Amino acid sequence: MKIVYIAHALSAPTREGIEENRRRASLWAAWAAVSEGVSPSCSWIVLTGVLEETPENRARGLACDLAQVERCDEVWLVGGRVSSGMRLEADHAAQLTIPVIDLTALGELPPSIGSTVHRPWKFTIGTIASGTDEAGEDDGSGKSP
């Protein structure tokens, strides 16, 4: 069974927004497992529900995420936009020649569980454009869009 790292935006202006992003990411993980027959890797959903949002915990979480990316067969970008953290994960995968599949065009929520997506998906091997994410937020790269 293919192991797929599920990358989804987490940050939001409120704790409620963060919880909503975690819930949506969980839906994507369930869809990937049931509809696509893969084993989703996304421990960040659990960790961010327990650990306080601090710079130290964010750095620890990203280190865990990158370690998981290294062990996965693919990285899937989901949830309607690419955040700065997702960009880091995708760039790390691309450096290791791990396929990065961008499903953000499908929107914030996954297709219905049990339904599949027409293949082939768009493969993105290499870096994702930097500057701002799709929500217009500065991604911290210092690059213009």
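Residues numbered from 1 in each chain as written. Predicted model: local features only at pLDDT ≥ 70, side-chain atom pairs only at ≥ 80, totals over all residues. Heavy atoms only, no water.

**Q** Lay out the pattern of salt bridges in plain terms, naming residues and giving numbers.
**A** Counting across every chain of the model gives seven salt bridges. Glu 74 is the partner of Lys 2 in a salt bridge, and the nearest nitrogen-oxygen pair spans 3.0 Å. One end of the pair, Lys 2, is in the segment before β1 (3-8); the other, Glu 74, is in strand β3 (residues 74-78), with 72 residues separating them in the sequence. Judged by relative accessible area, which is 8%, Glu 74 ranks as buried. Two residues, Arg 15 and Glu 19, come together in a salt bridge whose shortest N-O distance is 2.8 Å. Highlighted residues: Arg 15 and Glu 19, both in helix α1 (residues 15-36), separated by four residues, approximately one helical turn. Residue classification places Arg 15 among the partly exposed positions, given a relative accessible area of 37%. Three or more residues joined by partner-sharing salt bridges are found here, namely Glu 20, Arg 23, Arg 24 and Glu 108. (Salt bridge = Lys/Arg side-chain N within 4 Å of Asp/Glu carboxyl O. Helix = DSSP H or I, 4+ residues; strand = E, 2+ residues; numbered from the N terminus. Buried < 20%, exposed > 50% of the residue type's maximum accessible area, 1.4 Å probe, protein only.)

**Q** Describe a nonpolar patch on the surface, and please don't skip the residues or the numbers.
**A** A cluster of nonpolar side chains, Val 46, Leu 47, Val 50 and Leu 51, forms an exposed patch at the surface whose accessible area comes to about 350 Å². Assessed through its relative accessible area of 36%, Leu 51 is described here as partly exposed. (Patch = residues over 30% accessible without salt bridge, like charges linked within 9 Å, V, L, I, M, F, W, Y side chains within 5 Å. Areas by Shrake-Rupley, 256 points an atom, 1.4 Å probe, with all protein chains shown as cover.)

**Q** Would you mind going over the packing of aromatic side chains in detail, with residue names and values included?
**A** Scanning all chains against the criterion turns up two aromatic pairs. Geometrically, the ring pair formed by Trp 28 and Trp 31 is edge-to-face, given 5.6 Å between the ring centres and 85° between the ring planes. Of this pair, Trp 28 and Trp 31 both sit in helix α1, three residues apart, which is roughly one turn of the helix. Residue Trp 28 is classed as buried on the basis of its relative accessible area, which comes to 1%. (Phe/Tyr/Trp six-rings, centres within 6.5 Å; stacked < 30°, edge-to-face > 60°.)

**Q** Summarise the sheet that holds strand β2 (residues 39-41); cite the residues concerned and give the values.
**A** Strand pairs in the sheet, formed through backbone hydrogen bonds, run parallel or antiparallel to each other. Strand order in this open sheet of four strands is β2-β1-β3-β4, and the pairing throughout is parallel. Strands with a single pairing partner mark the edges of an open sheet, and in this sheet they are β2 and β4 (100-102). Strand-to-strand, the axes of this sheet are offset by a mean angle of 30°, without reference to chain direction. The pairing of β1 with β3 spans five bridges and is classified as parallel. Bridge assignment links Ile 6 to a residue of β3, and that residue is Trp 76. (Pairing = 2+ DSSP bridges. Axes fitted to C-alpha atoms, helices over the stretch in contact; angles between N-to-C directions.)

**Q** Tell me about the state of the cysteines, residues and numbers included.
**A** Within the structure shown, the criterion is met by zero disulfides. Of all cysteine sulfurs in the structure, the one in Cys 72 sits closest to Cys 42, which takes part in no disulfide; the separation is 9.3 Å. Relative accessible area serves as the criterion here: at 13%, Cys 42 is assigned to the buried category. (Disulfide = S-S within 2.5 Å.)

**Q** How would you sum up α1? Please name residues and give values.
**A** The end-to-end C-alpha distance of α1, which contains 22 residues, comes to 31 Å, matching closely the 32 Å that a straight helix rising 1.5 Å per residue would cover. For α1, the full list of buried residues reads Ile 18, Asn 21, Arg 22, Arg 24, Ala 25, Trp 28, Ala 29, Trp 31, Ala 32, Ser 35 and Glu 36. Gly 37 occupies a position one or two residues after α1 and carries a positive phi of about 70°. (Expected span 1.5 Å × (residues − 1).)

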